[in-house]
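Next come the chains, spelled out residue by residue.
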Amino acid sequence: MFTIAAVSTNVVALPVGTILDRFGPRVCGIIGAFSITIGSLLFAFASELPVDGYIPGYFFMALGGPFIFISSFQLSNTFPQYSGLILALLTGAFDTSSAIFLIYRLIYQGTDGGFALKKFFLVYLIVPAFILAVQILIMPAVSYKTVGELVNQVEEESVVHDSDDEIEDQAAVKRVQDARRAHRDSIVSEITELLGTQDGQKQAKEEEKKKAKSGVWGALHGRTAAQQVKTPWFILIMLFTVLQMTRINYFVATIRSQYTYLFHDLGKAVEINNFFDVALPVGGVISVPFIGLLLDNTSTTFTLSVLVTVATAIGILGVIPETWAAYLGVILFVLYRPLYYTAVS
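Residues numbered from 1 in each chain as written. Predicted model: local features only at pLDDT ≥ 70, side-chain atom pairs only at ≥ 80, totals over all residues. Heavy atoms only, no water.

## A look at the overall build of the chain
Here's step 1: Broken down by element type, the chain carries 16 helices and 0 strands.
Here's step 2: Residues counted as buried form 33% of the 345 residues belonging to the chain.
Here's step 3: In the chain, the share of contacts with a sequence separation of at least 24, taken over all contacts with a separation of at least 6, comes to 70%.
Here's step 4: Here the chain displays about 20,500 Å² of accessible surface, and carbon together with sulfur accounts for 67% of that area. (Helix = DSSP H or I, 4+ residues; strand = E, 2+ residues; numbered from the N terminus. Buried < 20%, exposed > 50% of the residue type's maximum accessible area, 1.4 Å probe, protein only. Contact = heavy atoms within 4.5 Å. Areas by Shrake-Rupley, 256 points an atom, 1.4 Å probe, with all protein chains shown as cover.)

Structural data, given as C-alpha cells:
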C-alpha cells in the first residue's frame, strides 16, 4: 500500500506540472481536494466495502498531495520581500504533516481503539473542504508572477509604436514617446515599491551573483529535452534521485522492522520508532532556515556533495547495531530529508 502511494506521488508530479502551467493553481487545488476527499471516504468505509478500500484510499490520498503542495509554491511571490520565509513555511508544513497521524495514533492508543479510523477520516474531511473553499473564494486562478517577470513584462512594452509614423510633427512624436517612457518607468518603480523589493538593477545583480555562485547555471541552456536527458547532468541526478527516494521511503515505512532485525529487540525498536515519529516533523522545521542559507550561499556542486556525504553516513549508521548509531542515524535522516527534497527540487 505504501509502495503504490509513494510511486504514484512521484509519477503524478509530471501531469501536475502540466495542469498547473495550462490551467493554473486553482484547478490543481480543486483536483487535490476532491482526490483527498475520495481517499478519506474510502479509508472511513473500507471495512464496510466488499472489496479492499485501503489501497485505492491511500492512492487517492497520495494523489491529492502533489496537486496541492506543488501548486502552492507560487504563493512565495505574493510578498516577494518575504518569499524565503513563505517557502520555509510551506516546506515546514510539508515536513510536519506527518505529525497529524502521530497525534491520531496517540489518540487511538489513549482511547483503546475507541476513536477508530472511520471517525478520524470523517473528521479529516474538514481538510479537503477547507482547501476547496479557499481555492474558490480566496486563492488566485493564475499563479503570481515574480517581481522580475512583472518588471520585464512592463519593460518589454515598446516606447516606439507603429502609429507614430502617422504623426508628421517630430517634436510631437518625441513628446509622446517620452511620455510613454516615463509612464513605463513609473510602473516599474511602483511595482518594486509596492511589493517591498529592491530596485530592478540591484535585484538583477543579486540574481547574477546567485547564478555565478551555483557553478552550473546555463549548462543545459539551448538544448532540446531529448538532448538534455542524454547528458550526465540528467542521468546522474536521476539515478541519485531513484536511489534516495527508494531509501527514504523504505526507511520511513520499515523503521520498526529494520531495528527489530538489527537489535533483536522489539522494545528497543519501538522506542526508536517513537523517537522517529516525533523527530520527523520537528527536524523538518528546525532544518528549514539552514537549508535556505546553504542553497543561497554555496555552489550546486557543494550542495550535492553534502547530500551524498550525509546519505552515506546515514547508510553506515543504519547497519551498526548500537543504540547511539540508531539515534544519530535518525537525527541525520530527519535533517537530511527536507534538505534533499529542497535541493533536488
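## What to know about unusual backbone geometry
Trans is the prevailing form of peptide bonds, just as negative phi is the prevailing case for residues other than glycine.
Here's step 1: A positive phi angle is found at Asp112, which is not glycine, with a value near 55 degrees.
Here's step 2: Looking at the secondary structure, you find Asp112 in the loop between helix 6 (99–110) and helix 7 (117–124).
Here's step 3: Positive phi, close to 55 degrees, is recorded for His264, a residue that is not glycine.
Here's step 4: One can find His264 in the loop between helix 13 (232–263) and helix 14 (266–297).
Here's step 5: Given a relative accessible area of 69%, His264 falls into the exposed group.

## Description of the nonpolar core
Here's step 1: Counting residues in each nonpolar core, the largest one holds 27 residues, and the members touching the most others are Tyr259, Ile272, Phe276, Val330, Phe333, Tyr336 and Tyr340.
Here's step 2: Listed by contribution, the elements that provide at least two residues to this core are helix 13, helix 14, helix 15 (300–317) and helix 16 (323–344).
Here's step 3: If we ignore the near neighbours within four places in the chain, the residues touching Tyr340 are Phe240, Thr241, Gln244, Met245, Ile248 and Leu307.
Here's step 4: Counting 8 residues, the second largest nonpolar core, distinct from the first, contains Ile36, Met61, Phe120 and Phe121. (Core = buried A, V, L, I, M, F, W, Y, C linked by side-chain atoms within 4.5 Å.)

## Points about the pattern of salt bridges
Here's step 1: Scanning the entire structure with this criterion turns up 2 salt bridges.
Here's step 2: Arg105 serves as the salt-bridge partner of Asp277, at 2.8 Å between the closest nitrogen and oxygen. Placement of Asp277 in helix 14 and of Arg105 in helix 6 is noted, with a sequence separation of 172 residues between them. (Salt bridge = Lys/Arg side-chain N within 4 Å of Asp/Glu carboxyl O.)

## Observations concerning the side chain of Asn249
Here's step 1: One can find Asn249 in helix 13.
Here's step 2: Assessed through its relative accessible area of 17%, Asn249 is described here as buried.
Here's step 3: Filtering out sequence-adjacent residues up to four positions away, Asn249 remains in contact with Phe2, Ala6, Asn10 and Tyr341.

## Some remarks on a nonpolar patch on the surface
Here's step 1: Together, Phe275, Val278, Val282, Ile286, Phe290, Leu293, Ile331 and Leu335 make up a nonpolar patch on the protein surface, roughly 700 Å² of accessible area in all.
Here's step 2: For the nonpolar patch, the secondary structure elements donating two or more residues are helix 14 and helix 16.
Here's step 3: Broken down by element, the nonpolar patch gets its largest block of residues, 6 residues, from helix 14.
Here's step 4: Tracing the sequence through the fold places Ile331 in helix 16.
Here's step 5: Look at Ile331 and you get partly exposed, because its relative accessible area is 38%. (Patch = residues over 30% accessible without salt bridge, like charges linked within 9 Å, V, L, I, M, F, W, Y side chains within 5 Å.)

## A few points about the packing of aromatic side chains
Where two aromatic rings form a pair, the distance of their centres and the angle of their planes describe that pair.
Here's step 1: One pass over the full model with this rule turns up 21 aromatic pairs.
Here's step 2: Ring geometry for Tyr104 and Phe120: centres 4.3 Å apart, planes at 35 degrees, overall tilted. Here Tyr104, found in helix 6, pairs with Phe120, found in helix 7; they are 16 residues apart in sequence, far enough to count as distant. For the pair Tyr104 and Phe120, one class covers both residues: buried.
Here's step 3: A ring pair is formed by Phe251 and Phe276, whose centres lie 5.6 Å apart and whose planes are at 75 degrees; its orientation type is edge-to-face. Here Phe251 is found in helix 13, whereas its partner Phe276 is found in helix 14, with 25 residues between them in sequence.
Here's step 4: Judged by relative accessible area, which is 3%, Phe251 ranks as buried.
Here's step 5: Among the aromatic residues, ring-to-ring pairing joins Phe43, Tyr54, Tyr58, Phe101, Tyr104, Tyr108, Phe115, Phe120, Phe121 and Tyr124 into one connected group. (Phe/Tyr/Trp six-rings, centres within 6.5 Å; stacked < 30°, edge-to-face > 60°.)

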